[in-house]
Amino acid sequence: MATVTKLNLKAETDDCRLHRESENELEENEAVAAATRDSKTKKVVVELGNGSQVIYMPRFLAYDQSWNYLEYLNKNIPWNRPTIRVFGRSCVQPRDSCYVASEGLPQLAYSGYQPHAYSWDEYPPLKDILDAVHKALPGSRFNSLLLNRYKGGDDYVGWHADDEKLYGPTPEIASLSFGCEREFLLKKRPDKTPRGKTTSGEPPKKRPKKNRSPDQHSFVLKHGSLLVMRGYTQRDWLHSVPKRVKADSVRINLTFRLVL
Ligand SMILES: O=C(O)CCC(=O)C(=O)O
Ligand SMILES: [Mn+2]
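Residues numbered from 1 in each chain as written. Chains lettered and ligands numbered in written order. Predicted model: local features only at pLDDT ≥ 70, side-chain atom pairs only at ≥ 80, totals over all residues.

1. Some remarks on the pairing of strand β3 (residues 44–49)
Here is step 1 of the chain: Relative to β3, strand β2 (residues 34–37) runs antiparallel, the two sharing four bridges. When the bridges of β3 are listed, Thr36 appears paired with Val45.
Here is step 2 of the chain: Counted along the chain from β2 to the antiparallel partner β3, the turn is six residues long, and its residue Lys42 has a positive phi close to 70 degrees.
Here is step 3 of the chain: Bridging between β3 and strand β4 (residues 52–57) involves five bridges; their strand directions are antiparallel. Each residue of the ladder has a partner; that of Gly49, found in β4, is Ser52. (Pairing = 2+ DSSP bridges. Helix = DSSP H or I, 4+ residues; strand = E, 2+ residues; numbered from the N terminus.)

2. Observations concerning the UniProt feature "binding site: substrate" (unreviewed entry) in the protein chain
Here is step 1 of the chain: UniProt's entry tags Phe87, Gly88, Arg89 and Asp163 with the feature "binding site: substrate" (unreviewed entry), counted in the numbering of this structure.
Here is step 2 of the chain: By secondary structure assignment, the location of Phe87 is in the loop between β5 (83–86) and β6 (89–92).
Here is step 3 of the chain: Under the C-beta neighbour-count criterion, Phe87 is labelled exposed, with 6 such atoms within 10 Å.
Here is step 4 of the chain: Here Gly88 lies in the loop between β5 and β6.
Here is step 5 of the chain: Assessed through the 6 C-beta atoms surrounding it within 10 Å, Gly88 is described here as exposed. (UniProt positions renumbered as here; feature names shortened; annotations may be inferred. Buried ≥ 20, exposed ≤ 12 C-beta atoms within 10 Å, placed from the backbone.)

3. Notes on the nonpolar core
Here is step 1 of the chain: Ranked by internal contacts, the top residues of the largest apolar core, which has 42 residues, are Val54, Ile129, Leu145, Leu147, Ala174, Leu226 and Leu227.
Here is step 2 of the chain: Other than its neighbours up to four places away in sequence, Leu145 contacts Val100, Leu126, Leu254, Thr255 and Phe256. (Core = buried A, V, L, I, M, F, W, Y, C linked by C-beta atoms within 7 Å. Contact = placed C-beta atoms within 7 Å.)

4. Here we look at the sheet that holds β3
Here is step 1 of the chain: Overall, mixed pairing links the nine strands, which are arranged β2-β3-β4-β14-β11-β16-β9-β7-β8 in an open sheet. The open sheet has two free edges, formed respectively by β2 and β8 (117–118), since each of these has just one partner strand.
Here is step 2 of the chain: Bridging between strand β11 (residues 173–179) and strand β16 (residues 251–257) involves six bridges; their strand directions are antiparallel. Counted as the bridge partner of Ala174 is Phe256 from β16.
Here is step 3 of the chain: Lying over the sheet, helix α2 (residues 63–76) contacts β9 (144–150), β11 and β16, oriented at roughly 90 degrees with respect to β11.
Here is step 4 of the chain: Across the sheet, helix α3 (residues 124–136) lies against β7 (96–101), β9, β11, β14 (225–231) and β16, angled at about 60 degrees from β16, the strand it touches most. (Axes fitted to C-alpha atoms, helices over the stretch in contact; angles between N-to-C directions.)

5. What about the site of ligand 1?
Here is step 1 of the chain: Surveying the vicinity of ligand 1 reveals the residues Leu146, Asn148, Val157, Asp162, Ser175, Phe184, Leu221, His239, Val241, Asn253 and Thr255.
Here is step 2 of the chain: Going through the elements one at a time, β9, β15 (237–241) and β16 are the ones with two or more residues in the shell around ligand 1.
Here is step 3 of the chain: Its residues placed into classes, the shell around ligand 1 shows five nonpolar, five polar and one charged. (Near = placed C-beta within 6 Å. Nonpolar A, V, L, I, M, F, W, Y, C, P; charged D, E, K, R; others polar.)

6. Looking at the environment of Cys91
Here is step 1 of the chain: Position of Cys91 relative to the elements: it lies in strand β6.
Here is step 2 of the chain: In this structure, Cys91 is in contact with Ile84 and Val86, ignoring residues within four places of it in sequence.

7. Here we look at the UniProt feature "binding site: 2-oxoglutarate" (unreviewed entry) in the protein chain
Here is step 1 of the chain: Mapped onto the present numbering, the UniProt feature "binding site: 2-oxoglutarate" (unreviewed entry) falls on Asn148, Tyr150, His160, His239, Arg251, Thr255 and Arg257.
Here is step 2 of the chain: Within the element layout of this structure, Asn148 appears in strand β9.
Here is step 3 of the chain: Owing to 21 C-beta atoms within 10 Å, Asn148 belongs among the buried residues under this scheme.
Here is step 4 of the chain: Beyond its immediate stretch of four places on either side in the chain, Asn148 contacts Arg95, Ser97, Val157 and Asn253.
Here is step 5 of the chain: Along the chain, the position of His239 falls in strand β15.
Here is step 6 of the chain: Judged by local crowding, His239 falls into the buried class, with 23 C-beta atoms found within 10 Å.

Set out below in structure tokens:
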């Protein structure tokens, strides 16, 4: 059975663990993710295991400034809702998007679609946001940005990984959210090793449930928040922002990436 965690934002300890919401569930299924939280900034670092990591900073940008960015982006970005191919079928992408990238990079293609690359110079506030992200993530040097606009709860992004070759094997992806809070889900990709087999050929050792880390995580992405996926997250995990009937206003999400 899949094990699921939800971030318990009420826990105030510096070194805490991620919990499921009900104690019953906890008893049934004792997997917990290793996570650390900074009580001042509320930054949470979640170790997904096997070299994958997620960092969540709920208050990355100031609240009012974030509304200004939302308004600017909503009005000024040339949003587009392209036709894409999913499982061999053409469909209209269930959200608006736009792509911004530095000059001379290899062309991005996803789901059979090659977005036009706009220049950073056309949207100065994006450069300010990029500077803030670079400051928060020492060593990062993002050179491209995929913007998404979810007009309401019917807009979504399905299960996928940002594992295009041009990002390399361990891409760092920084995801900023503005406006309507939406749920961001992560689930582990199925293990490729057949059941009962190990890569060494030895019989599998039974691991007790409580030592197994969870294979789903959920974050409610707040206005002005930053979520970072690192390490092997794109190889070993899928993520999505599902439809939500109650999400009745616009959300804009920016994912900064490094094209190698
Ligand atoms: O909107 C989000 O939070 C995620 C967007 C995303 O996964 C993507 O653009 O690849
Ligand atoms: Mn993605």
